[in-house]
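Next come the chains, spelled out residue by residue.
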Amino acid sequence: MKKLFLILYVFYNAVSFSQTVLNSFSLNLNRPLENGQILNIEDVKTNDIYVFAADDKYINILKYNKSLFLKNQFTDSIKMEKDRSLIGHSIGDDGNPLLYWATNNLRNIRIIKYYLETKTSKALNFDLSPNNENVITTYQKNNNFYMLCKETNRQHLILYEFNNGKAEVKMFDLSGILFQNDKEQNLAFNTVIRYYPIEKIDPDSFNTLDKTIKKTKMYVSGDHIFLTFDYSLKKTHVLDLNTITVDVTEKNFNQPVSKTPSKTSNSFFYENKLMQIKAGKEELLFDIKDFDSGKTLKSLSVSKKDSVNFKNSPFFLQINDKNPQEVKTTEKFLKQLSTLNAGITVFKNKKNTSISFGGFVEYQISGFDNIQSNLLADFFDNDFGGYSEYSSKMAYFDAMLNSDLEFVKNKQSEPLAIDNVFYYLSINKNISLQNILKLKDYYILSYYDIASKQYIMRKFTDGFYYEEKNSIINKAIFSQPISFDNLKSTKN
């Protein structure tokens, strides 16, 4: 699984993170690191919380009310689901949960409905059509489960909506959409997403730079799926897929025009606005455009000679898993950024919006010979770490916008709830099968504690507690990579 790099916003001195244990439940999972899977979900209609914890023999289901008191529990055999991956969930109209267990190639999905009151279950089978080449992504919305697929030889996307064990099929015809590169050469949609795979972005969650640098991104908002394409330095191409009417609408947003050659550009769709970044050695450009009208709401240009007076952090450079190092000047930062894939990370912070500007690149380097290693060492400024499986480089800085899209200076803000979650994960070694659930104004971190053999739920909020004994929290600690293994990986 790819390394997860954290982008955080401030330094913290002599504080401990804001968290509270909500529940613990004894679970004896068989070989959890090898066979375990845990999923933590919310019923959006009742606000009940479900926990699904499985090993290679049983699925344990815990149901909590919205105050997080245990209401019901059920343990069922998974003989029919053995050697399958848990890829999603839904909640039936009768309030009973359904889980979706897929084979490694995702061609067959076993749908199990669990009746907690009667302690029984019912299984259904779903087979993908042979005309579908692969599953692009899955997501949950309004207690339903969705699976977006691509047809093999046609310029179509297929959306499966699962509700009460039934699948409604919706087809989006993209054959009339024109895809062009910077040389105005026509590209097939299948070619575009083969070279630039679609990355699903959740605007309500924290998205790290290794995700937001992707050139093709998917956002779900209301009854719409938005696909943004940033493989061109000239424009961001956006497709609006209406999941009710299956209409496809396209829009093009010109990237900001640079005075000097730019090497990388990207965008982020957030709250009906398109934020665009373009970078080279000489300058950094940033635009915010209204999605409906296309009007530019904010535009700025930073040259290599400028001081970036709107940033809330230093310029940082991180090589592999090492501590981030401060970059002293704008010129040096832009030089580093121009060698990376640019991206923007946007996250709601109460009334304001936190933004990280930066870039990221990752290489697989196992088995490289000495010549190749020396070339990579030159690229990574002689900080190349040898024969690790992956080598990475990231440059970034943080800023904050208010509701009027004005930059806010806030150099000593409190940590966000998600910051506290990641810090807790970085310092606790007995955690496995972790799962993060975002509720209205806090996060729940659920995990299996290997030492105590307990399933534990912790609540994390913004801010911090001052205690007599506490740790020094700094940016370097937060920037360590954390792997998430709450679900088994699947192969398309």
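Source: prediction; values computed, not measured. (Residues numbered from 1 in each chain as written. Predicted model: local features only at pLDDT ≥ 70, side-chain atom pairs only at ≥ 80, totals over all residues. Heavy atoms only, no water.)

A word on the pairing of strand β19 (residues 235–242). Across the 8 residues that make up β19, a large majority, 7, are buried. Here strand β18 (residues 224–229) hands over to β19 after 5 residues, the two strands then running antiparallel side by side. Here β19 pairs with strand β20 (residues 248–254) via 7 bridges, running antiparallel. Note on β20: the bridge partner recorded for Asp 240 is Thr 249. (Buried < 20%, exposed > 50% of the residue type's maximum accessible area, 1.4 Å probe, protein only. Helix = DSSP H or I, 4+ residues; strand = E, 2+ residues; numbered from the N terminus. Pairing = 2+ DSSP bridges.)

Residue placement: Asn 190 occurs in helix α2 (residues 189–195). The exposure class of Asn 190 is buried, given its relative accessible area of 10%. At 3.3 Å, the side chain of Asn 190 forms a polar contact with the backbone oxygen of Thr 152. Excluding residues within four positions of it along the chain, Asn 190 makes contact with Lys 150, Glu 151, Thr 152, Asn 153, Arg 154 and Gln 155. (Polar contact = N/O pair within 3.5 Å; in protein donor to acceptor, adjacent residues only side chain to side chain. Contact = heavy atoms within 4.5 Å.)

A few words on the pattern of salt bridges. Within this structure, the stated rule accounts for 12 salt bridges. The partner of Asp 48 in a salt bridge is Lys 71, with the nearest N and O atoms 3.5 Å apart. With Asp 48 in the loop between β2 (37–42) and β3 (49–54) and Lys 71 in strand β5 (residues 70–77), this residue pair connects regions lying 23 residues apart in the sequence. Exposure remark for Asp 48: the relative accessible area of 7% places this residue in the buried category. Among the ionic pairs, Lys 170 bridges to Glu 161, the shortest N-O distance being 3.5 Å. A single network of salt bridges, built from pairs that share partners, joins Asp 48, Lys 63 and Lys 71. (Salt bridge = Lys/Arg side-chain N within 4 Å of Asp/Glu carboxyl O.)

This next bit is on the sheet that holds β2. Read across the open sheet, the 4 strands follow the order β2-β3-β4-β5; overall the sheet is antiparallel. Of all the strands in the sheet, just β2 and β5 have a single pairing partner and so form its edges. Taken pair by pair, the neighbouring strands of this sheet meet at an average axis angle of 10°, ignoring direction. Pairing between strand β4 (residues 58–64) and β5: 7 bridges, direction antiparallel. By the bridge assignment for β5, Ile 61 is matched with Phe 74. (Axes fitted to C-alpha atoms, helices over the stretch in contact; angles between N-to-C directions.)

Note that every value here comes from positions in space, so none of it alone points to a role or purpose.
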